[in-house]
Amino acid sequence: MSAKLKKSGRLWLVLIPYLLWIGVLFVIPHIKLFGLSFVDHRSGELTLGNYAKFFGSDLYRRVFWRTALYAIFTTILTLLIAFPTAFIITKILGKKMKAILLLSIVLPYWISELIRAFAWMVLMRETGVISYLLQAVGITSHNIEFLYRNGTIVIGLVYTSMLFMIIPIINSLDSLDDSLIEAAYDLGGNFWSTMREVIIPHAGPGIMVGSTMVFMLNLGNYVTVTLLGGKNSLWFTENIYNQFIVRFNQNQGAAFGVILLTFSVLLVWITLKITKQDMAEAM
Amino acid sequence: MTQEIDVSVVNLTKRWGNLTAVNNVSFDVPKGSFFSVLGPSASGKTTVLRMIAGFETPTAGDMFIGGQRINDVPANKRPCNLVFQRLALFPMMNVLDNVTFGLRRRGGISKAEMERMANDVLARVDLKGLNKRKISQLSGGQQQRVALARSLVLDPTVLLLDEPLSALDLKLRQDMKLELKRLQARMGTTFMYITHDQTIALAMSDTVAVINFGKLEQVASPDILYREPATHFVASFVGENNRLNHGRVVKLIDDQTCQVEIGGLLSVARIGEELAPGDDIDLFIRPEMIHLQLGKQASGIVGQIKEINFDGAHSLVVVQLTESAIPLSINVKFQHTEQAPAIAVNDTVTLSWGRAAANAFRHIEPPTEGKE
Amino acid sequence: MKRRFFMIMMLVVFSLALVSCGSNEPAAPEAAAPAADAPAEEAAAPEEAAPESGGVLRMLTWEGYAPEELVNKFTEETGIDVEISYIGDNNELIAKMAATKGVGYDLVSPTLSYVATAQADQGIYQPIDLSKVNTDQINESLDAILEGSTYEGKPYAIPFVWGTTAMIVNTEKAPDAGESYLDLCDPQYEGRISYRSKYDTLYMFAYALGLDPAEAVKDEAAYRDVMDQVLDKLVECKPYVRVYWDSRQQIEDLLKKEEVWVASSWDASAWSMSLEDPKFKYVVPKEGAVGWYDTLAISAGAENVDAAYQWINFILAPENAAVIVNQTGYQTASAGAADAASPELAALVAESLPPEKMASINWYFPKPDYATDIEADVEEQLKAAQ
Ligand SMILES: Nc1ncnc2c1ncn2[C@@H]1O[C@H](COP(=O)(O)OP(=O)(O)O)[C@@H](O)[C@H]1O
Ligand SMILES: [Mg+2]
């Protein structure tokens, strides 16, 4: 059936909705954005000024790197939590527990990110649930504020993007034949060597897909970061938002967007190179 | 003669809830021998093997390798290696890395030495010059060899093999079968081989353990197994047999031979288990040990040819017994030698066999359709 | 032959011009035409209230500015259905309007200081035809607002709702706070202070530092200088701030849970807090409150201009404006609405904004492009400061 479809050339017909979708919603706007980024906001002339502004500004560069480092750090943290979880779900738990755990991971995503962030605030604020519990069990005698700290941003981001890391990893681990793990043990392998040489290489593409998605999500996050981060939350997306919405400078905003996109594509590409995977395989 | 024993299993039992997969099994595997565990599917073969390899914990019983009790030794420390049913090669590594995986775990071996050892064992399994190949680029037979090499390079006390040939097509399976046997003889490693295919077990093994529903039926050489089955199950499972139900012991001739009656016809038979005159028995007659003569002869059992299934060297001839009180038919393996008479459907023939061709066991109701 | 080619080219050019005209300012011809053609007849229209006119009125406004109660009443009286979209920010309003040149909305509620500049930059509004407005029911602010919204000689906005921003204080926790905006930078309230990282805060601190942003804004360098001083002060104060608040709901919640004691606040929000718990007090410090005036403006792309005027006259009628006052606590430009407000609220208003405080209100000033940029720079630098 699929071979026939391919041969007849009608494959393209099937792909039309997708091509339209990606074309209209992704390619065209990005080409437009790219074009806009080289135009001066006031004079309408071609210029590199919008990029010069970024590279000439300590503030923007600092915020950009801060955002990038946080996104990388939270991606790694998410991976460190997601991988064992995915491993336990796929390889250790029984069918029923597996379903329950998976559901408990998916369920929070039925709620919008905004409401989840607010729920976190209820939990972590000075007069919130965690502070109350800590006092109830006598660990502390006064209210503690957990909000508006860098750590809170990290926790929020990790939580917000967990699903997007776990699902691809579960996917790749599911396809790992259990007997491969047994074979590694049988040949004298222990937990670590089996992890390193068999399980992680097999899950590599899933890890890569998950990390890419989570990294992009973190890099582009706005809601969680601003709500949980408080006064020190400045995230590069906020600068982009400001350019478009506050300053009406869509050209500068476009340049920022292009810089962010270029950076993330570059980083993903380098990671793929380092881990010796190719894009087609990973995706 | 005292034999050195490599693997010894004592009263081994494994239960999952109500299911007893392995039921009080004991046997010894002599050093350097090719030992098979033969049984129908779901009889508990894999479970036995996985317990020895360390991937299942026995509910009861003990296991020894080279005299050392291994119940509490973790899987990665046991002096045995397992060749998996589906091979379980590491697809993310090339051939060489697969083969050296175990060596790398040992430590203290130089890279060059590892490679030398790997090349050595790869040569023994006739797999040279493919070190850099990916697993997915190998044929089924080549993968089989890599799986063997990967385990053999570690020089295990015993190599456990879980139906490793079942994934191959028939022709390749025949070739590999012989090769495995030669390999084992050459290397002298003890092989413990699991299969549901009795032709493989009989052809390759020094000793075969027959297992059914988790219970050990008989441990013997293929020859003994074939000629002197110890149980009703072994008689029906090992080799081809005509099974004639509901015979009766007429008299015991000596301590090994009896006379039985079935449908009014009389036959001698080997006594498979303790029998007394009058016992209700099933009679198993080997088709290849029946002598067929044309026409009605003075002695023997008279019948008529119903079917001839030509098979090159011989034909499978289905003979309807005409003088029986109940409808009985017997398959005969008819050898096409130069002296052999020409036969045709509807020919009247006389069948005769000796004591060795027939085994009598107490009657067991045949299983109804399908597996239980 | 040549002649004919020329004719065709003319046709093509002409039709292209029409098309592009239509796509850029599609509503301009329709909107302008009736107003120019029949001013005399329309002038009498407000009194008749034409209930059979029907149609839909599409509004872009702030939450609380079009209570459901009033919307239903309006629909009953006029037969016009009302569709409302909400905005959270003047820039958002402008962005939404600019995207379509106003098409899709009939009536919007921009803050006065944004009207003339947005009209100059984006051309998103149409001039107010005063002959269609029942000016008798509007208070004395009318002339100032018309004046303030004038662009190229024509007024673009009718006064609607106004309010002030000053401080709210938890008088039990910080009884002494509220004398000056600099109390928002007092170390003794460390971690109990909150304000926005937006322009209103910048103005408060500018006034507190003795600067005059309304004057400085006329010159880019001067404004940057003022704002740089404000930024330095705000960075210095940052350690004492708990969080820069973003929404009314957020700051009210922080105050109620006593996580914050001293904060900047909109008057209506503060008054509603006081009504619930008198320990909260809206205080206007000596530098004066910062005031804003929200208006009613008609979209350049309006499809139902009549309905827009009908709503203007409806919402500023005293009995209707009073509903807004009581529900939101905001003051309106309706001449009689204050009398119709609840006595408790009226008392709070009178206490917080006695005549001398009224006189010292620092009204939002119109901002040139560069001012928005400078303010945004300050906000970004403030947030990034460690
Ligand atoms: N992990 C397990 N849990 C429960 N039952 C099992 C498990 N593994 C095997 N069994 C059951 O034990 C019996 C023996 O299985 P197995 O040893 O795999 O048989 P064989 O290898 O002879 O086909 C079968 O009935 C099988 O369903
Ligand atoms: Mg099996």
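What counts and how
Residues numbered from 1 in each chain as written. Chains lettered and ligands numbered in written order. Predicted model: local features only at pLDDT ≥ 70, side-chain atom pairs only at ≥ 80, totals over all residues. Heavy atoms only, no water. Helix = DSSP H or I, 4+ residues; strand = E, 2+ residues; numbered from the N terminus. Buried < 20%, exposed > 50% of the residue type's maximum accessible area, 1.4 Å probe, protein only. Areas by Shrake-Rupley, 256 points an atom, 1.4 Å probe, with all protein chains shown as cover. Lys, Arg positive; Asp, Glu negative; His and termini not counted. Charge placed at Lys NZ, Arg CZ, Asp CG, Glu CD. Contact = heavy atoms within 4.5 Å. Buried area = accessible area lost by both parts, 1.4 Å probe. Salt bridge = Lys/Arg side-chain N within 4 Å of Asp/Glu carboxyl O. Disulfide = S-S within 2.5 Å. Expected span 1.5 Å × (residues − 1). 1 Å grid on protein atoms, 1.4 Å probe; cavity = no way out; pocket = protein on both sides within 12 Å on 5 of 7 lines; lining within 4 Å. Points joined across faces, edges and corners; volume = space filled by probe spheres on them. Nonpolar A, V, L, I, M, F, W, Y, C, P; charged D, E, K, R; others polar. Domains from an automatic or database assignment. Pairing = 2+ DSSP bridges. Axes fitted to C-alpha atoms, helices over the stretch in contact; angles between N-to-C directions. Phe/Tyr/Trp six-rings, centres within 6.5 Å; stacked < 30°, edge-to-face > 60°.

Some words on the overall build of chain B
And step 1. Secondary structure assignment for chain B yields eight helices and 20 strands.
And step 2. Oriented by its inertia axes, the alpha-carbon framework of chain B measures out at about 80 × 45 × 40 Å.
And step 3. The buried share among the 372 residues of chain B stands at 49%.
And step 4. With an accessible surface of roughly 17300 Å², chain B has 49% of that area assigned to carbon and sulfur atoms.
And step 5. Taking the 40 positively charged and 40 negatively charged side chains of chain B as two groups, their mean positions are separated by 9 Å.

Some remarks on the interface of chain C and chain A
Many authors give the size of an interface as the accessible area that is lost as the parts come together.
And step 1. In this assembly, 27 residues from chain C lie in contact with 24 residues from chain A.
And step 2. With both sides pooled, the region where chain C packs onto chain A buries about 2500 Å², and carbon together with sulfur makes up 44% of that total.
And step 3. The largest contributions to the chain C side of the interface with chain A come from C:R242, C:E380 and C:K383, which together make up 27% of the buried area.
And step 4. In this structure, A:E126 engages C:R192 in a salt bridge whose closest nitrogen and oxygen atoms are separated by 2.7 Å.

Quick word on the state of the cysteines
What we call a disulfide is simply a covalent bond connecting the sulfur atoms of a pair of cysteines.
Residues and elements named next belong to chain C.
And step 1. Counted under the stated rule, the structure contains one disulfide over all chains.
And step 2. Across a sulfur-sulfur distance of 1.9 Å, C185 and C237 are joined as a disulfide pair. Around the S-S axis, the bridge from C185 to C237 shows a dihedral of about -95 degrees and counts as left-handed. On the criterion of sequence distance, the pair formed by C185 in the loop between β5 (158-170) and β6 (193-195) and C237 in helix α11 (residues 220-237) is long-range, its members being 52 residues apart.
And step 3. When its relative accessible area of 8% is taken as the criterion, C185 is described as buried.
And step 4. Residue class for C237 comes out buried when judged on its relative accessible area of 0%.

Here we look at helix α12 (residues 248-256) of chain C
And step 1. Where α12(C) is concerned, the buried positions are C:Q250, C:I251, C:E252, C:L254 and C:L255.
And step 2. Once α12(C) ends, the next one or two residues include C:E258, with phi positive near 60 degrees.

Things to note about helix α4 (residues 140-152) of chain B
All names here are of chain B.
And step 1. Compared with the 18 Å implied by 1.5 Å per residue over 13 residues, the 18 Å span of α4 between its first and last C-alpha is a close match.
And step 2. Among the 13 residues that make up α4, 10 are buried, leaving the element largely enclosed by the rest of the structure.
And step 3. The complete set of buried residues in α4 reads G141, Q144, R145, V146, A147, L148, A149, R150, S151 and L152.

Quick look at empty space enclosed by the protein
And step 1. One pass over the structure, following the stated rule, counts six cavities of 30 Å³ or more.
And step 2. Considering the residues around the largest cavity, the lining is formed by A:V246, C:D89, C:N91, C:Y114, C:K198, C:Y199, C:K367, C:T372, C:E375, C:A376 and C:E379.
And step 3. The leading source of residues in the lining of the largest cavity is helix α19 (residues 369-384) of chain C, at four residues.
And step 4. In terms of residue class, the lining of the largest cavity is made up of four nonpolar, two polar and five charged.
And step 5. Looking at the lining of the largest cavity, you find at least three residues from each of domain 1 (2-162 + 291-343) and domain 2 (165-288 + 362-384) of chain C.

Topic: the sheet that holds strand β11 (residues 242-252) of chain B
Residue and element names in this part refer to chain B.
And step 1. The five strands lie next to each other as β11-β12-β13-β20-β14, forming a closed barrel whose pairing is mixed. Put simply, the sheet's adjacent strands are angled 55 degrees from each other on average, direction ignored.
And step 2. Strand direction decides the pairing type here: strand β14 (residues 280-285) and strand β20 (residues 358-362), joined by five bridges, are antiparallel. Looking at the pairing, L283 lines up with A360 of β20.

Quick look at the packing of aromatic side chains
And step 1. Tallying each qualifying case throughout the model produces 46 aromatic pairs over all chains.
And step 2. Centroid distance A:F236 to A:F256: 5.1 Å. Interplanar angle 40 degrees. Geometry classified as tilted. Within this pair, whereas A:F236 is found in helix α12 (residues 236-246), its partner A:F256 is found in helix α13 (residues 250-274), the two being separated by 20 residues in sequence.
And step 3. We classify A:F236 as buried; its relative accessible area is 0%.
And step 4. With centroids separated by 4.8 Å and ring planes inclined at 50 degrees, the aromatic side chains of C:Y203 and C:F365 adopt a geometry described as tilted. Within this pair, whereas C:Y203 is found in helix α9 (residues 199-208), its partner C:F365 is found in the loop between β12 (362-363) and α19, the two being separated by 162 residues in sequence.

Details of unusual backbone geometry
And step 1. Residue A:Y148 is not a glycine yet carries a positive backbone phi of 60 degrees.
And step 2. Of note, A:Y148 is situated in the loop between α7 (129-136) and α8 (150-174).
And step 3. You can call A:Y148 buried: its relative accessible area is 11%.
And step 4. Although it is not a glycine, B:E163 sits at a positive phi angle of roughly 40 degrees.
And step 5. Assessed through its relative accessible area of 8%, B:E163 is described here as buried.

Coordinates in, geometry out; function isn't part of it.
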